[in-house]
Amino acid sequence: VRSPFFLLALLSLVSLAACERVGSRGAAPARPSAGAAPQSLVLPRHGLYTGAYIDFGEHEDDVTLEKIEAFEKMVGKRQAIIASSSYWGEQSFPEANVRLIARHGAVPLVFWSPWDRPYIETRGPDRYSLTSIIAGEHDAYIDRWAEAAHAFGHLMIVSLGNEMKWVPARTQRAIRGRKPSKPHGGTSWIVSARVAQPMSAGCST
Amino acid sequence: MSSSAAPGGKFVFLDAAGRRWPRLRRWLFALGCAGLFAVVLFIASVWVQPAVRFSPGVRELRGQLKAAAGSLGVQQADPKANSWQRYPAQSRAGQERLAKLRAASGKTPREPREVRLGFYVDWDANALASLREHAADLTHVTPEWFSISGPEATLNVEPDAPLAEFCAARGLNVIPILRNLAGDIWQPEAVENLARGPAQDRARFIAGLVGQISSLKVGGVLLEWSELDPALREDYTQLLAELSRALHEADKELWLTVSMDDQSQAFDLGAVSGSVDRFVATMSGEHSESDEPGPLASQTWFEGWLGVIKEYGDPGQWVVALGAYGTDWDTTRHTAETISFRDAMSRASYSGAEGAGGVPVTAPHWSGRYAYSDPGGEHVVSFLDAIAFHNQLLAARAAGFSGVGVQRLGTEDPQIWDVLKRSQKVDAAFAQTISHLHADQTVTHVGRGEVVSVDTSHDDGERNVILGDDGRLSAHYTDFPTYPVLYHQGAGDKHFVTLTFDDGPNPKWTPQVLDILKARGVPAAFFILGRNAEDYPDLVRRILAEGHEIGNHTYTHANLAEMSAWRMRLELDATERLIESITGISTTLFRPPYNADATPTSIAELAPLRYAEELGYLVVLEKIDPQDWARPGAETILQRVKDQRNEGNIILLHDAGGDRSQTVAALPQIIDWLTERGDRIVSLSELLHIPRGDLMPPVQASAQPSMRAIAGTGFRLWHWLVEFLWAFMIFTTALVVVRSLLIAWLAWRQQREEARTPPPAPAEPLPVSVLIAAFNEGKVIANTLRSVLASEYPGPMEVIVVDDGSGDDTAAVVGSVAESDGRVRLVRQANAGKSAALSRALSCALHEIVVFLDADTHFEKQTIAQLVQSLAADPRVASVSGNARVGNAHNFVTRCQQLEYICGFNLDRRAYTRWDCVTVVPGAVSALRRSAIEAAGGFSHDTLAEDTDMTLMLHRLGYSARYASRAVAWTEAPEHWGALAKQRFRWAFGTMQCLWKHRDMVFNPRYRALAFFSLPSIWFFQVFLVAITPLAEAVLLYAIASGYGAQIWRYFLVFLSTDFFLAALACWLEREPLLRALLIVPMRLVYRWLLAWVIWRAIFRALKGALVGWGKLDRTATVPARL
């Protein structure tokens, strides 16, 4: 699946399904097999993938198996896609998180948010302003991150800036224009539009 | 009869020269000394402390804590101090609305007494200790009993009955907390679904909750709901209104916790104030564990929030919960833990914080704070003490709040209670009283991890407390108190986890555990029991060979808290010696049996750990205990590991001590789950960053080589002995069962054949001579003769009584009977012993068939006829035993003998008859062929059991012996233990003489069943097994004491059941009441000891080679005449 629009639609359905806590046990994607690159997310023959943006703490990156299992137990369904965040202020690729999610048999969705410490909701543009990204001031970090994502070697979905209005298309182009030195693995990009307030804890569109 | 056996014959066992016993005694003495010496040497070798000690660096945690230079307390900025300003006060309109609501709900004014609420947790013994000590200073207690979880809002209730009873006794009102928490994950969905879900679900939940509150007899419930979506405020208001109505109808109260942060916005406080009886404001947590380090409740922050509450509602409805604890942030690992005030003091003391300038608790924050470092990283500690408590209490009381809470009991500065109790303003003198910091014996904790070392020293501290003009107190800690400390280490990387297995090795489960670990390439530590290691040394070697670690778990799984220091040392040293002798390595790892997951809370509980540490061990506790030993199911074991994983990093499982199939089933799942979680399963060595060689150093060849050799040999010998005893136990049990079944089967077959066989056709009755040897039988002989003379025997009969030189009126009594009945003849002789008297009687007898009976034995009318029947029918039969029964069974001693005669003697004889291997035709009631007796050489004088001797002699001549069950004779049994012991000693000695005399018959194919069944039976079951009774009972007691009771009891029960089965069968065959068989139980416990004693006495007499007399019993004449 390469089309951003298609993925947008897919993720919306995914999120809605998660929010409604559909109890049916649909087909979960097969566990990613190591080294099988490039990979892509294949649409299920019947039904939908369900995914969830689980409460992983204030920085949205405290991914633990306990929290995933507690959520899955609560909704009665294994999640195909599990979302977490990677704030630019950390200057690191969330390898432990995506590996944990992959080991659990789900596809990690990473909200890659250009925010700097301290992470205060109402704070204005900071070190990672759009202009500085476009100007290439963070290319080294972006490359490092991309290399790490490539080394991860499993399918993952990346959402740059969770809400479209905050990240103009040209910024995304600037980032996506950065090419890793090796052929790309299984990273898919998605653009998500801010369509509503969160419907409830743990879900977002 | 005579006072000694007949002299002149070759009396069996007689050592006329008297050399045997002195020689034997010398040998026994030498062997005893050698054995004692070996035992002493072995104990000494175990006692000599093994030369194992680990790197000193392991234990010196104390020196590794360093205070950060300079104080953090005053200068540090507190950006959150004004966080309350984000919640502007509501308008006066809101206040008016509140007043109207209250008027509408008809609320009564609050009680004038200040609410004093103690927050209680059941997992900290210090909380209970604090509650017990300060119950009089509290009015309410809030235990953590209730929670709701899951989308269905399932109510979970975990009450604590002893706490409820304590509170009731002390007049404390219990208001349990209801949280929306599962494990450590908040579950807002539970509350949200309840609030906006169907009304009937809500009603059901409320009814369930109110029902629980009523049945637990508590005052109400305190809701602590967190992370709720504020968008549903109206739904929550409705929910609280419904809950409140139901509670009030049951005369219970509804309390609501409000935290001083964003969560305060989850409820419309004005709207719910009509439903809620009391609000509890959580007045700490300005900086929580998930925040950067900072004050827990600075005075500015505290007073700001008080102001906000006052604007929101009526302070008279609010209780402010004052923080009384500390938080230790590890700024390197980005973790934090809540600690007690005492913990904060110990950490400050051991890091030398006072040397770094002390710690001020002064304006503007009035919050204690210091920094230190340990080998794992940098730490910042904030704590709330009695100074902060005072200042906050002052503000709360001034603002008119209705009460205060202590959050929480067990973690508080003990001097807050002095502050709380004081109703008037403090003065300088009071400030002085809380300056001194008394260090009690409460155990504090320093460091993190489950590998612990102990320092039980404690020392008071000092803070300079100053009373300010504004009434607030400030302080400067100049000397931190030191409490007894449990140093923790081994927290390791947050994803490091170690598997440990206790109680093994076990031949069934340990290999399965090892296979799983090997297949997954995972290391583990095995804390082994010495006694199991001794049984399965190969498993110990395999554990080590596969790369795992071995720790000492004591020798017998003993509870160290309940034993003396020397016993504890013996437990540890013996196990250590054993490990050394099996593996060639020592171990410094030790885990105490029982409660390794219970953190010690008193200095007494620290004592065994300290002692182990003094012996050089590193004490390894654990925090993840799924209690697999209780077999809750593999799924539950896994779930418990999941639930507790965040609490620690050492997992306790068991590879022995019962059925561990669930552990084996859960283990792969646990490993897979941990791996999926991102954990790395590491050895203790890696967890502690200590080389494996330091934890388990090889035994130096030069280190106590002789002691190690002795200990090793001793353990091996002991091992073989134990193995032998087990094998013997199993062999003996099997043999007893087989013999019993065989006896039962033979006796039953014999009984059936007797019943089927028609009485022989009447023939010419054989003339019979009845022979009685009498020595001082004056009391009983008349009745005996009368019973014989009354016999309904159709043939000619003569009765010959030989008076063996009696000193009483025996001759006169017999003479008078003879006068009245011509069949009776009296023969007198000088005392010569029973066999001589019988020989004399035999020589006087006129007939071929001779019937013998004891002078105290009464015949029934058919006895003689029944005895003679077999002799008449079959010329190969030379002897027939009658059915001797106890005629005077009127006390416990005689009743025991009665049962013994029925099931021990007669049943055996009945069974032996089937295979023609009767070993004794008793002199008390029997009939023999005179020609056969003469062919056998007459009655011998060389044993005390002439009847057994004669029976065996007749077997040698190819004659058969029979048992006539209908030939009943009633004999007089000894009525007292002493008399019984005397009689049985004679029997035992005589039997042993006969066994020895005829030992060539045993396993001689010529004698068939006698050689292979009945004679070996006597040797093994009546001599050997009876002789080892004391040893068997001692082993039984030892086994019970060592924890093998369950296994041993099975064997004991098999023995007892077999005895009972045989007794019941014998009673049934003899038409005796079956209930009589129950007597076998006390007999097994008491009677058998007497038999053991007489057997040993007989053995010693035999070994000594002395001449043994008859031990004639005094007659009581208590057998009733049955004519």
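Shown above is the structure to which this text applies.
Residues numbered from 1 in each chain as written. Chains lettered and ligands numbered in written order. Predicted model: local features only at pLDDT ≥ 70, side-chain atom pairs only at ≥ 80, totals over all residues. Heavy atoms only, no water.

Asks: It is not clear to me how the overall build of chain B should be interpreted in this structure. Could you clarify?
Replies: The helix and strand inventory of chain B stands at 35 helices and 40 strands. Within chain B, the proportion of its 1123 residues that are buried is 58%. Relative to all contacts within chain B whose residues are 6 or more apart in sequence, the contacts with residues 24 or more apart total 81%. When the accessible area of chain B is evaluated, it comes to approximately 45,300 Å², of which 56% is carbon and sulfur surface. (Helix = DSSP H or I, 4+ residues; strand = E, 2+ residues; numbered from the N terminus. Buried < 20%, exposed > 50% of the residue type's maximum accessible area, 1.4 Å probe, protein only. Contact = heavy atoms within 4.5 Å. Areas by Shrake-Rupley, 256 points an atom, 1.4 Å probe, with all protein chains shown as cover.)

Asks: How do you make sense of the pairing of strand E34 (residues 797–804) of chain B when you look at a structure like this?
Replies: As a general feature of sheets, a regular strand has side chains that alternate between the two faces. Residue and element names in this part refer to chain B. When you tally the buried positions in E34, you get eight out of eight residues, the bulk of the element. Where burial is concerned, the two faces of E34 agree: the one with Met797, Val799, Val801 and Asp803 and the one with Glu798, Ile800, Val802 and Asp804 are both buried. Examined bridge by bridge, strand E33 (residues 768–774) and E34 share seven bridges and lie parallel to one another. The residue of E34 that forms the bridge with Ala773 is Val802. Crossover connection from E33 via helix H24 (residues 781–789) to parallel E34: handedness right-handed. Two elements, E34 and strand E35 (residues 824–829), share six bridges in a ladder whose sense is parallel. For Val801, the partnering residue across the bridge sits in E35 and is Leu826. (Pairing = 2+ DSSP bridges. Right-handed = clockwise from strand over helix to strand, strands pointing away.)

Asks: Can you help me understand the sheet that holds strand E16 (residues 359–361) of chain B in this one?
Replies: Adjacent strands of a sheet form backbone hydrogen bonds with each other and so pair up, either parallel or antiparallel. Residues and elements named next belong to chain B. The sheet built from four strands is open, its strands ordered E16-E24-E23-E20 with antiparallel pairing. Sheet topology places E16 and strand E20 (436–437) at the edges, where each strand pairs with a single neighbour. Pairing analysis gives three bridges linking E16 to strand E24 (residues 473–479), with the strands arranged antiparallel. Bridge pairing in E24 links Val359 to Tyr477. Together, E16, strand E23 (461–467) and E24 form the strand contacts of helix H11 (residues 386–398), whose direction differs from that of E24 by roughly 180°. (Axes fitted to C-alpha atoms, helices over the stretch in contact; angles between N-to-C directions.)

Asks: Just checking my understanding: could you explain helix H17 (residues 565–583) of chain B for this structure?
Replies: An α-helical turn contains 3.6 residues, so any two residues separated by three or four positions project in the same direction. All names here are of chain B. Between its terminal C-alpha atoms H17 stretches 27 Å, which fits the 27 Å expected from 19 residues at 1.5 Å a residue. The buried fraction of H17 amounts to 14 of the 19 residues, a majority that puts the element mostly inside the structure. One or two positions beyond H17, positive phi appears at Gly584, with a value near 80°. (Expected span 1.5 Å × (residues − 1).)

Asks: Looking at this model, I keep getting lost on the environment of Ser931 of chain B. Mind explaining?
Replies: Residues and elements named next belong to chain B. Mapped onto the elements, Ser931 comes out in helix H29 (residues 930–935). Ser931 sits in the partly exposed class, given a relative accessible area of 34%. Sequence separation between Ser931 and Glu848 is 83 residues, and the spatial gap between their C-alpha atoms is 6.7 Å. At 2.5 Å, the side chain of Ser931 forms a polar contact with the side chain of Glu848. (Polar contact = N/O pair within 3.5 Å; in protein donor to acceptor, adjacent residues only side chain to side chain.)

Asks: Looking at this model, I keep getting lost on the environment of Gly150 of chain B. Mind explaining?
Replies: Residue and element names in this part refer to chain B. Tracing the sequence through the fold places Gly150 in the loop between strand E4 (146–149) and strand E5 (154–157). Through-space distance from the C-alpha of Gly150 to that of Ala190 is 5.3 Å; in sequence the pair is 40 residues apart. Setting aside residues no more than four positions away along its own chain, Gly150 makes contact with Gln187 and Ala190.

Asks: Which parts of the structure should I look at to understand the interface of chain A and chain B?
Replies: Many analyses report the size of an interface as the accessible area lost when the parts associate. Facing the 12 residues of chain A at the interface are 13 residues of chain B. Carbon and sulfur atoms make up 47% of the surface buried where chain A meets chain B, a total of about 1,400 Å² over both sides. The interface formed by chain A and chain B includes two salt bridges. Taken together, the connections running from chain A to chain B amount to six residue pairs in polar contact (both at pLDDT 80 or more). When contributions to the side of chain A that touches chain B are tallied by element, the ones reaching two or more residues are helix H2 (65–75) and helix H3 (95–103) of chain A. Here the side of chain A that touches chain B gets six residues from one element, more than from any other, and that element is H2 of chain A. Split into classes, the residues belonging to the side of chain A that touches chain B amount to four nonpolar, one polar and seven charged. (Buried area = accessible area lost by both parts, 1.4 Å probe. Salt bridge = Lys/Arg side-chain N within 4 Å of Asp/Glu carboxyl O. Nonpolar A, V, L, I, M, F, W, Y, C, P; charged D, E, K, R; others polar.)

Asks: Sorry, what's going on with a nonpolar patch on the surface here?
Replies: Residue and element names in this part refer to chain B. On the surface, a cluster of nonpolar side chains totalling about 560 Å² of accessible area is made up of Trp745, Trp748, Trp915, Trp1068 and Leu1074. Topologically, Trp745 is positioned in helix H23 (residues 705–756). Taking relative accessible area as the criterion, Trp745 reaches 41% and is therefore assigned partly exposed. (Patch = residues over 30% accessible without salt bridge, like charges linked within 9 Å, V, L, I, M, F, W, Y side chains within 5 Å.)

Asks: Explain the side chain of Glu798 of chain B to me, please; I cannot follow it from the model alone.
Replies: All names here are of chain B. Here Glu798 is to be found in strand E34. What makes Glu798 buried here is its relative accessible area of 6%. In terms of polar contacts, Glu798 uses its side chain to reach the side chain of Ser769, at 2.5 Å. Ignoring sequence-local partners within four residues, the contact set of Glu798 consists of Val768, Ser769, Val770, Arg823, Arg825, Cys844, Ala845, Leu846 and His847.

Asks: Before we go on, may I ask you to explain the pattern of salt bridges in this structure?
Replies: Opposite charge on two side chains allows them to pair when their charged atoms are near. Residues and elements named next belong to chain B. In this structure the tally under the stated criterion is 59 salt bridges over all chains. With a shortest N-O distance of 2.9 Å, Arg463 and Asp413 are connected by a salt bridge. Here Asp413 lies in the loop between strand E19 (403–407) and helix H12 (416–421) and Arg463 lies in strand E23, a separation of 50 residues in the sequence. Among the residues examined, Arg463 registers a relative accessible area of 0% and is labelled buried. With its nearest N and O atoms 2.5 Å apart, the salt bridge here joins Arg542 to Asp515. Here Arg542, found in helix H16 (residues 537–545), pairs with Asp515, found in helix H14 (residues 509–520); they are 27 residues apart in sequence, far enough to count as distant. Classification of Arg542 as partly exposed rests on a relative accessible area of 23%. Using a relative accessible area of 42% as the deciding quantity, one classes Asp515 as partly exposed.

Asks: Whenever I open this one, the packing of helix H32 (residues 1008–1027) of chain B against helix H35 (residues 1080–1104) of chain B confuses me. Can you help?
Replies: Between two packed helices, both the angle of their axes relative to each other and the distance between the axes serve to describe the pair. Residue and element names in this part refer to chain B. The interhelical angle for the contact between H32 and H35, taken along N-to-C directions, is 95°, at an axis separation of 8 Å. When the axis of H32 is compared with that of H35, the two are roughly perpendicular. In contact with Gln1022, Val1023, Leu1025, Val1026 and Ala1027 of H32, H35 contributes Arg1088, Leu1091, Ala1092, Ile1095, Trp1096 and Ile1099. Across the contact of H32 with H35, the residue classes break down as nine nonpolar, one polar and one charged. (Parallel < 35°, antiparallel > 145°, perpendicular 65-115°, else oblique.)

Asks: Looking at this model, I keep getting lost on the sheet that holds strand E6 (residues 173–174) of chain B. Mind explaining?
Replies: All names here are of chain B. In spatial order, the strands read E5-E4-E7-E10-E11-E12-E13-E19-E2-E3-E6; together these 11 strands make up an open sheet with mixed pairing. Since the sheet does not close on itself, it has two edges, and those belong to E5 and E6, each with one partner. Summarising the sheet, strand E2 (residues 115–119) and E19 pair through four bridges and their orientation is parallel. Bridging across to E19, Val115 finds its partner in Gly403. Against the sheet, helix H9 (residues 299–312) touches strand E12 (278–283) and strand E13 (318–323), its axis set at about 155° to E12.

Asks: Help me understand unusual backbone geometry in this model?
Replies: For residues other than glycine, phi is negative in most cases, and the peptide bonds are mostly trans. All names here are of chain B. Cis geometry is found at the peptide bond from Ala363 to Pro364, where omega equals 0°. On the secondary structure map, Pro364 appears in the loop between E16 and strand E17 (368–374). Of note, the bond from Gly504 into Pro505 is cis; its omega dihedral lies within 30 degrees of zero at -5°. On the secondary structure map, Pro505 appears in the loop between strand E26 (496–502) and H14. With a phi close to 55°, Gln627 is a non-glycine residue in the positive phi region. Here Gln627 lies in the loop between strand E30 (618–620) and helix H19 (634–644). Judged by relative accessible area, which is 33%, Gln627 ranks as partly exposed. One non-glycine residue, Asp916, lies in positive phi territory at about 50°. Take Asp916: it is sitting in the loop between helix H28 (892–914) and strand E39 (925–929).

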